[in-house]
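Structural overview
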Amino acid sequence: MSTNSTGGSALYRGRIVNPKIDGSCEDLRNGCLAVGADGSITDVGRWEDIKRKLSAAETSRTVDFGSQLLLPGFIDLHLHFPQLDCRGMYADNLLTWLAKHIYPVEARFSDPNLARKTAKRLLHELARFGTTTAVIFSSVHSEATDILFEEAARRGVRAVIGKVLMDEGQNVPKTLLQDWRVGMEESVALCRKWHGASDGRLYYAFSPRFAITCSERLMREAGAAAKASGAYVQTHVSETVEEVRLVRERFPHRRNYVDVYDSAGLLGERTILAHGIHFEDEEYEMVASSKASVVYCPSSNLFLKSGTMNLKKMRQNRIPVGLGSDIGAGPHLSLLSVMRDGIYMQPQWVKPQEMLAMATIRGAAALGLDKQIGSFERGKDADFILIDPSTLSGRWREIEADLNDVLSLIIFRGGERERIVTKVFVKGREVYRES
Ligand SMILES: [Zn+2]
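Computed from a predicted structure; not experimentally measured. (Residues numbered from 1 in each chain as written. Predicted model: local features only at pLDDT ≥ 70, side-chain atom pairs only at ≥ 80, totals over all residues.)

**Considerations on the pairing of strand S7 (residues 158–162)**
Worth spelling out the cut-off: Here a residue counts as buried when 20 or more other C-beta atoms sit within 10 Å of its C-beta, as exposed when there are 12 or fewer, and as partly exposed otherwise, the C-beta atoms being derived from the backbone. Each helix is a run of H or I in the DSSP string that is no shorter than four residues. Each strand is a run of E no shorter than two, and both are numbered from the N terminus. Note: two strands are recorded as paired if DSSP finds a minimum of 2 bridges between them. Think of it like this: strands point away, you trace from the first strand over the helix to the second, and a clockwise trace means the crossover is right-handed.
Extensive coverage of S7 is indicated by the burial of 5 of its 5 residues. With burial as the criterion, each face of S7 is covered, one bearing Arg 158, Val 160 and Gly 162 and the other bearing Ala 159 and Ile 161. Inspection of the sheet shows strand S6 (residues 131–137) paired to S7 by 5 bridges, in the parallel sense. Residue pairing across strands places Val 135 opposite Val 160, the latter belonging to S7. The parallel pair S6 and S7, bridged by helix H5 (residues 142–155), forms a crossover whose chirality is right-handed. Two elements, S7 and strand S9 (residues 202–208), share 3 bridges in a ladder whose sense is parallel. Each residue of the ladder has a partner; that of Val 160, found in S9, is Tyr 203.

Spelled out as structure tokens, the structure:
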């Protein structure tokens, strides 16, 4: 490594856990992450190997975190900004829960003061739990969405954000429905302003809520606008049995739920589909051939008793799957808690290493950003977090020998109520530190 490549840079020592797309993780005890002045990774490896390549002046810029874990920042592929304070509200199914708790609260986001306060708090909380990239549904309000982008830019995190599109549907308050032309005009204006902004850390997602609150015209327009701009599409699909039945009734001329979106031109490699729990075999194949990604939101699925994603079929069909907190149906913003629920929910154990891969490199792949974030490789952006698990168990010295045990400890014991994430960096810049 030349002096130039680390000019103004830093070296971070710790136990580096580097997830791979196959679900395994490289475990580098006494590892080192070298970060350049531009926030990119200039080297990663064992400290002894990296030290040998450097001058004394360069190694003087070393920050030593001892045996703390140095992981890629977490990637949350699905959450709802206005639902931060609706978490844990009782209703016995998705559609009742939306009508009773969610729509009335989302309507309040016409107030820019509420939007500003909530955006600041959401972004602080995401950073506190180690989430460095978040894919976020805003409300239907253009101003609230603009405010969320502004705060994300100010905080320095990475985010994909979209204003909700809804133009028809039962049980939706009139104040949340917009004529498709207005919804699209506002979405396109936000996309022009924010897609690729903030040094490429912010992206726009056209965001039809789901097929039972959108006309075919609106969905077609959203698909076309996303293709024209290179922006993302995010929506919900096949979350509950009741919702699937309603979609069948509403679109009898379509083969299935996925076909409603496919026919509207909404599916492609920049499409993020939340849930996909009740797919028929043909739907797995359609999603796979469209190259869209699906988000596993186990905490939300447990809370609303929506059902269990068939991870095995997703793997068999080579569909990219990442993790989502799906707050407010999901009660936890911490992806460690979501990983825990993800393991609890499956009929067989999913290895802790694979859950970590889903929360990092596979999430990055789902966004098409795996050349840039999600793991540690030379040239990628340095989005990383430090975790200190030593306070979680009196047997820490025995446990730390085995990486799956360490990851299992932080997944099952280190979630929402613990403060084990000590520092968070995005593109080499600190965005959170535990005080
Ligand atoms: Zn959702």
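**A closer look at helix H14 (residues 335–345)**
In an α-helix, one turn spans 3.6 residues; hence positions three or four apart end up facing the same way. In terms of burial, H14 is largely enclosed, as 8 of its 11 residues are buried. For H14, the set of buried residues is Leu 335, Leu 336, Ser 337, Val 338, Met 339, Arg 340, Asp 341 and Gly 342.

**Considerations on the environment of Ala 226**
With respect to the secondary-structure elements, Ala 226 resides in helix H8 (residues 216–229). Considered as a pair, Ala 226 and Lys 351 are 125 residues apart in the sequence and their alpha carbons are 36 Å apart.

**A look at the sheet that holds strand S4 (residues 62–72)**
The criterion, for reference: Whenever a helix is involved, its axis is fitted only over the stretch in contact; in every case the axis is a line through C-alpha atoms, and angles between N-to-C directions fall within 0 to 180 degrees.
Reading across from one edge, S3-S2-S1-S4-S14-S15-S16 is the order of the 7 strands in this open sheet, with mixed pairing throughout. The two strands at the open ends of the sheet, each matched to only one other strand, are strand S3 (41–46) and strand S16 (429–433). Adjacent strand axes in the sheet meet at a mean angle of 35 degrees, parallel and antiparallel pairs treated alike. Taken together, the 5 bridges between strand S1 (residues 10–19) and S4 define a ladder with parallel strand orientation. Note on S4: the bridge partner recorded for Tyr 12 is Val 63.

**A few points about the confidence of the model for the protein**
Put simply, the test is: A score from 0 to 100, pLDDT tells how confident the predictor is in each residue. It is the C-beta atoms, placed from the backbone, that decide contacts: two residues are in contact if theirs lie within 7 Å.
Across the protein, pLDDT averages 95, with 98% of residues at or above 70. In this model, residues 1–7 is a region of pLDDT below 50 whose contacts with residues beyond four sequence positions or in other chains number 15 contacts.

**A short note on the domain arrangement of the protein**
Heads up, the condition is: All domain edges in this entry derive from an automatic or database-based domain assignment. In this count, Pro and Cys sit with the nonpolar residues alongside Ala, Val, Leu, Ile, Met, Phe, Trp and Tyr, while Asp, Glu, Lys and Arg are called charged and the others, Gly among them, polar.
Taken as a whole, the protein is organised into domain 1 (4–72 + 375–433) and domain 2 (74–366). Each of domain 1 and domain 2 was reduced to a C-alpha centroid, and the two centroids are 30 Å apart. Tallying the contact residues gives 26 residues for domain 1 and 27 residues for domain 2. At the level of secondary structure, the elements contributing two or more residues to the side of domain 1 that touches domain 2 comprise helix H18 (403–413), strand S15 (421–426) and S16. Looking at side-chain class alone, the side of domain 1 that touches domain 2 contains 15 nonpolar, 7 polar and 4 charged residues.

**Remarks on H5**
Here is the rule we go by: The span you would expect from a helix comes to 1.5 Å times its residue count less one.
Taking 1.5 Å per residue, 14 residues should reach 20 Å; H5 reaches 20 Å between its end C-alpha atoms and fits that length. By the burial criterion, the buried members of H5 are Ala 144, Thr 145, Asp 146, Ile 147, Leu 148, Phe 149, Glu 151, Ala 152 and Arg 155. Considering only its buried residues, H5 is in contact with helix H4 (112–128), S6, S7, helix H6 (180–194), S9 and S16. A positive phi of about 85 degrees marks Gly 156, the residue just after H5.

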